[in-house]
Amino acid sequence: MADHTHSLQQQVAIVTGASTGIGRQTAFALAEAGATVVVNYIGSRTPADDVVGQIKEGGGRALAIEADISREDQVEAMFKQAIDQFGTVHILVNNAGIEKDCAFTEMTLADWQKVIDVNLTGQFLCSRAAIREYLRRGPQPGISKATGKIVCISSVHQRIPWAKHANYAASKGGVMLLVQTLAQEFASRKIRVNSVAPGAIKTAINHAAWATEDALDKLLEMIPYGRIGDAEDVGNAVVWLCSDAADYVTGTTLVVDGGMTLYPSFSTGDG
Ligand code: BGC
């Protein structure tokens, strides 16, 4: 785990999709910074319990809550349980996301809808529940300068079009304007809304892109910094965005991609 100053002490964070991948490391990073972490998961409970167990072993507080974040009733129930248990929520990390990749002409409505439901509607439902709670509770300046914080995990594909991933790219483009709009709408209430746009991060979602030497070599051609990202790279960025060190930052996207969005094919200056 990375070394963080305890800048999130006394704060409660909900991280969606926190039992694996980027969400898991983000949960650890927030806990290390002093936050109490709600580890949202769906399906198998064992990996979520493992995250909670590790946080508790490190002296932190955590709770696993199962919820399908694309379902309104389940999101509402998760927030209610978190607030009943810990009093309020200060931080939401909208991390849960999926891919269902397919050539566009073969894409079923179900595959389109599922990705939009989880990646975009899920972020809407959780953001709405969080902002309602931030407004209900009001400011706690002794705990954090902002009344509440939201970090949406987007993707470089909020900017880079991606053939055979129309559902995914459309969902992330939607997240970008959701973030900017919420930031605009709630800045006067001292609610900060930002996103992190990861590039290629070594997790299960893109296993095929790094699992073989050939695939990894091809991937690295698109990453000027010369390595695939780790989930910690994203977790560290999330912690900073949630901390008072970023108090003047709202409505922005922090790109964490080793330069993938810098048009690497132009890097030699030739042609
Ligand atoms: C996707 C990964 C992909 C990365 C870079 C992410 O948003 O989930 O599958 O490797 O973008 O293309």
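Notes on the structure in this doc start here. Quick caveat, the model's predicted, so the values are computed rather than measured. Residue positions are given per chain, counted from 1 along the sequence in the order it is written. With the structure being a predicted model, the display of local features is reserved for residues of pLDDT at least 70 and the display and counting of side-chain atom pairs for 80 or more, all residues being used for whole-chain, interface and lining totals. Calculated side-chain values reflect all of the structure's heavy atoms, with hydrogen atoms and water omitted.

Definitions used for this entry: grid spacing 1 Å over protein atoms alone; cavity, a set of points where a 1.4 Å probe fits but cannot get out; pocket, an open set with protein on both sides within 12 Å along at least 5 of 7 lines; lining residue, one with an atom within 4 Å of a point. Grid points are joined across faces, edges and corners, and a volume is the space filled by probe spheres set on the points. With the rule as written, the count across this model stands at 2 cavities of 30 Å³ or more. Forming the walls of the second largest cavity are Ser155, Val156, Gln158, Arg159, Ala197, Val255 and Thr261. All residues other than Ala, Val, Leu, Ile, Met, Phe, Trp, Tyr, Cys, Pro, Asp, Glu, Lys and Arg, Gly among them, are scored as polar; the first ten of these are nonpolar and the last four charged. Tallied by class, residues from the lining of the second largest cavity come to 3 nonpolar, 3 polar and 1 charged.

To describe a pair of aromatic rings, you give the distance between the ring centres and the angle between the ring planes. Two rings from Phe, Tyr or Trp (for Trp, the six-membered ring) form a pair when their centres are within 6.5 Å of each other. A pair whose planes differ by under 30 degrees is stacked, one over 60 is edge-to-face, and the rest are tilted. Counting across every chain of the model gives 2 aromatic pairs. Both rings, one in Trp162 and one in Tyr168, keep their centres 5.8 Å apart while their planes meet at 75°; by these two values the pair is edge-to-face. Judged by its relative accessible area of 30%, Trp162 falls in the partly exposed class. Residue burial is assigned from relative accessible area. The probe radius is 1.4 Å, only protein chains are included, and a residue is buried under 20% of its type maximum, exposed over 50%, and partly exposed in between. By relative accessible area, Tyr168 is classed as buried at 9%. Between the aromatic rings of Tyr263 and Phe266, the centroid separation amounts to 6.4 Å while the plane-to-plane angle is 85°, which identifies the pairing as edge-to-face. Considered together, Tyr263 and Phe266 belong to a single accessibility category, that of exposed residues.

Nearness is judged by heavy atoms alone; a residue qualifies as near a molecule or strand once a single heavy atom is within 4 Å of it. As a matter of local geometry, the ligand sits amid Glu99, Ser155, His157, Trp162, Tyr168, Gly199, Ala200, Ile205, Asn206 and Met260. Between an oxygen atom of the ligand and a side-chain N or O atom of Ser155, the distance comes to 2.6 Å. For the purposes of these results, a polar contact is taken to be a pair of N or O atoms within 3.5 Å, where, inside protein, one atom must be able to donate a hydrogen and its partner to accept one; residues adjacent in sequence count only when each atom of the pair is a side-chain atom. Tyr168 places a polar side-chain atom, nitrogen or oxygen, 2.6 Å from an oxygen atom of the ligand. Using a 1.4 Å probe, the Shrake-Rupley method yields the accessible areas, and only the shown protein chains count as cover for residues. Within the complex, 91% of the 310 Å² of free accessible area of the ligand lies under protein. Taken together, the residues that form the shell around the ligand break down as 5 nonpolar, 4 polar and 1 charged.

Within this document, salt bridges are pairs made up of a side-chain nitrogen of Lys or Arg and a carboxyl oxygen of Asp or Glu, the two lying within 4 Å of each other. One pass over the full model with this rule turns up 8 salt bridges. Its salt-bridge partner being Arg71, residue Asp73 comes within 3.3 Å of it at the nearest N-O pair. For Asp73, a relative accessible area of 46% translates into the label partly exposed. Arg192 is paired through a salt bridge with Asp247; the nearest N and O atoms lie 3.8 Å apart. Placement of Arg192 in strand β6 (residues 191-198) and of Asp247 in the loop between α8 (231-242) and β7 (253-256) is noted, with a sequence separation of 55 residues between them. The exposure class of Arg192 is buried, given its relative accessible area of 5%. Put simply, DSSP marks the helices as runs of H or I at least four residues long and the strands as runs of E at least two long, and each gets a number from the N terminus on.

Our next topic: the packing of helix α4 (residues 109-137) against helix α5 (residues 166-186). Angles shown run from 0 to 180 degrees and are taken between the N-to-C directions of axes, each axis being a line fitted to C-alpha atoms and, for helices, limited to the stretch in contact. Between α4 and α5, the shortest axis-to-axis distance is 8 Å and the interhelical angle comes to 15°. In terms of axis orientation, α4 runs roughly parallel to α5. Every pair of crossing elements has a handedness; the one defined by α4 and α5 is right-handed. Contacts between α4 and α5 involve Asp111, Trp112, Val115, Ile116, Asn119, Leu120, Gln123, Phe124, Ser127, Ile131 and Leu135 from the first element and Ala166, Asn167, Tyr168, Ala170, Ser171, Lys172, Gly174, Val175, Leu178, Leu182 and Phe186 from the second. Partitioning the contact of α4 with α5 into residue classes produces 14 nonpolar, 6 polar and 2 charged. Between 65 and 115 degrees an angle is taken as roughly perpendicular, under 35 as roughly parallel, over 145 as roughly antiparallel, and anywhere else as oblique. Throughout, a crossing is termed right-handed when the near helix is turned clockwise from the far one, and left-handed when it is turned anticlockwise from it by less than a right angle. In what follows, residue pairs with any heavy atoms lying within 4.5 Å of each other are defined as contacts.

Attention now moves to the pairing of strand β1 (residues 12-15). By the alternation rule, side chains of β1 split into Val12 and Ile14 and Ala13 and Val15, which are all buried. Inspection of the sheet shows β1 paired to strand β2 (residues 36-41) by 4 bridges, in the parallel sense. Opposite Val12, over in β2, you have Thr36 as the bridge partner. For crossovers, right-handed means that the path from the first strand over the helix to the second runs clockwise, given strands pointing away from the viewer. Taking the sense of rotation as the criterion, the β-α-β connection linking β1, helix α1 (residues 21-32) and β2 turns out right-handed. Should DSSP find at least two bridges between two strands, the strands are regarded as paired.

So, about unusual backbone geometry. Most peptide bonds adopt trans geometry, and most residues besides glycine take a negative phi value. The backbone phi angle of Lys164 is positive, close to 70°, even though this residue is not glycine. Of note, Lys164 is situated in the loop between β5 (148-153) and α5. Unusually for a residue other than glycine, Lys190 sits at a positive phi of about 65°.

Sheets are built from strands that pair by backbone hydrogen bonding, the pairs being arranged parallel or antiparallel. The 7 strands lie next to each other as β3-β2-β1-β4-β5-β6-β7, forming an open sheet whose pairing is parallel. Of all the strands in the sheet, just β3 (62-66) and β7 have a single pairing partner and so form its edges. Across the sheet, the axes of successive neighbouring strands diverge by a mean angle of 20°, strand direction being ignored. Sheet topology places β5 next to β6; 6 bridges connect them, and they run parallel. Looking at the pairing, Cys152 lines up with Ser195 of β6. Against the sheet, helix α2 (residues 46-57) makes contact with β2 and β3, and its axis sits at roughly 170° relative to β3, the strand it touches most. The sheet strands contacting α4 are β4 (91-94), β5 and β6, and the helix crosses β4 at an angle near 175°.

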